[in-house]
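Take a look at the letters that make up each chain.
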Amino acid sequence: MGLREGFAKSMQTWRKWVAANIDPSKTRVFFRTYAPAHFIGGTWKTGGTCDNETEPYEERTKFEREFWTNGPLLKQVEALSGKVHLLDITKLSSFRKDAHSSIYYVESNQPRPFRRQDCSHWCLPGLPDTWNHLLYATLISAPFSSPQPL
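Residues numbered from 1 in each chain as written. Predicted model: local features only at pLDDT ≥ 70, side-chain atom pairs only at ≥ 80, totals over all residues. Heavy atoms only, no water.

You'll find the protein chain entered in an unreviewed UniProt entry as Trichome birefringence-like C-terminal domain-containing protein, with Ceratopteris richardii given as the organism. In the Sequence similarities (unreviewed entry) part of its UniProt record, the protein chain is described as follows: "Belongs to the PC-esterase family. TBL subfamily." (UniProt positions renumbered as here; feature names shortened; annotations may be inferred.)

Quick look at the structure:
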């Protein structure tokens with residue numbers, strides 16, 4: 001089985017479990033979409049970099065396409081019709097090419113690993129805090145109703 005087929009099957013299995021086991025009046029389920037990496041000129045293994053990025057992409061930037069995992073994910077979330085809150089952070093995060101730890105994850109007195117930069121994890125404080133704000137806003141915008149006395 002290929003990676004894409006395996007991912008689609010895993011999402012189907014997850015959806016079936018949520019549908020069978022989650023009571024939305026007692027439990028909230030959140031699913032966060034993919035957070036993109038921003039390697040320029042290669043990948044982690046081939047010398048991709050991101051250390052000279054100091055500004056996010058401009059608002060009018062057009063990205064080529066949605067990341068491939070989001071299609072099967074969105075299909076399964078939509079099938080659950082309201083049992084799952086989707087935190088779609090992919091496009092939001094795509095703009096922040098400047099927010100990766102890059103070469104700055106090591107102490108300043110240590111050599112910088114220019115051949116192996118981290119362009120897939122995020123600096124803190126930073127973009128992951130925005131994801132947390134979105135989660136918090138979702139939590140307080142639709143609070144659970146008060147339990148009814150027996």
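Moving on from the coordinates now.
Enquirer: Give a description of unusual backbone geometry that names residues and reports values.
Expert: Most peptide bonds adopt trans geometry, and most residues besides glycine take a negative phi value. Of note, the bond from leucine 124 into proline 125 is cis; its omega dihedral lies within 30 degrees of zero at -5°. Take proline 125: it is sitting in the loop between β4 (118-122) and α4 (127-141). (Helix = DSSP H or I, 4+ residues; strand = E, 2+ residues; numbered from the N terminus.)

Enquirer: Outline helix α1 (residues 3-21), listing residues and values.
Expert: For an α-helix, 3.6 residues make a turn, and residues three or four places apart therefore share a direction. Across its 19 residues, α1 extends 27 Å between first and last C-alpha, which sits within 8% of the 27 Å expected from 1.5 Å per residue. Within α1 the residues assigned to the buried category are Met11, Trp14 and Val18. One side of α1 holds all its buried residues, which, seen down the axis, span an arc of 60°. Facing away from the buried side of α1, by more than 90 degrees, are the exposed residues Thr13, Lys16 and Ala20. Residues of α1 that are buried make contact with β1 (29-32), α2 (70-79) and β2 (84-87). (Expected span 1.5 Å × (residues − 1). Buried < 20%, exposed > 50% of the residue type's maximum accessible area, 1.4 Å probe, protein only. Arc of directions from axis to C-beta. Contact = heavy atoms within 4.5 Å.)

Enquirer: Could you give an account of the pattern of salt bridges, with specific residues and numbers?
Expert: Applying the stated criterion to the full structure yields 3 salt bridges. One salt bridge connects lysine 97 with glutamate 53, and the closest N-O pair in it is separated by 3.1 Å. With a gap of 44 residues between them, lysine 97 in the loop between α3 (90-94) and β3 (100-102) and glutamate 53 in the loop between β1 and α2 connect regions that are remote in the sequence. Judged by its relative accessible area of 17%, lysine 97 is buried. For arginine 60, the salt bridge is made with glutamate 58, and the minimal N-O distance between the two is 2.7 Å. We classify arginine 60 as exposed; its relative accessible area is 67%. (Salt bridge = Lys/Arg side-chain N within 4 Å of Asp/Glu carboxyl O.)

Enquirer: Please give an account of the nonpolar core that cites residues and values.
Expert: Met11, Trp14, Val18, Ile22, Val29, Leu73, Val77, Leu80 and Val84 form the largest nonpolar core, which has 9 residues in total. Every element with two or more residues in this core is listed here: α1 and α2. Considering each element in turn, this core owes the most residues, 3 residues, to α1. Not counting chain neighbours up to four residues away, the residues in contact with tryptophan 14 comprise Val29, Phe31, Val77, Leu80 and Val84. If you look at the next biggest cluster of nonpolar residues, it comprises 6 residues, including Ala35, Ile89, Ala99 and Trp122. (Core = buried A, V, L, I, M, F, W, Y, C linked by side-chain atoms within 4.5 Å.)

Enquirer: Tell me about the packing of aromatic side chains, and name the residues and values.
Expert: For the coordinates displayed, the defined rule picks out 3 aromatic pairs. Note on tryptophan 14 and phenylalanine 31: the rings are 4.9 Å apart at their centroids and 65° apart in plane angle, and the pair reads as edge-to-face. Placement of the pair is tryptophan 14 in helix α1 and phenylalanine 31 in strand β1, with a sequence separation of 17 residues. Ring centres 6.0 Å apart and planes at 80° place the aromatic pair tryptophan 122 and tryptophan 131 in the edge-to-face group. Owing to a relative accessible area of 11%, tryptophan 131 belongs among the buried residues under this scheme. Positioned above the aromatic ring of tryptophan 131, the side-chain terminus of arginine 32 is 4.7 Å from the ring centre. (Phe/Tyr/Trp six-rings, centres within 6.5 Å; stacked < 30°, edge-to-face > 60°. Lys NZ or Arg CZ within 6 Å of the ring centre and 35° of its normal.)

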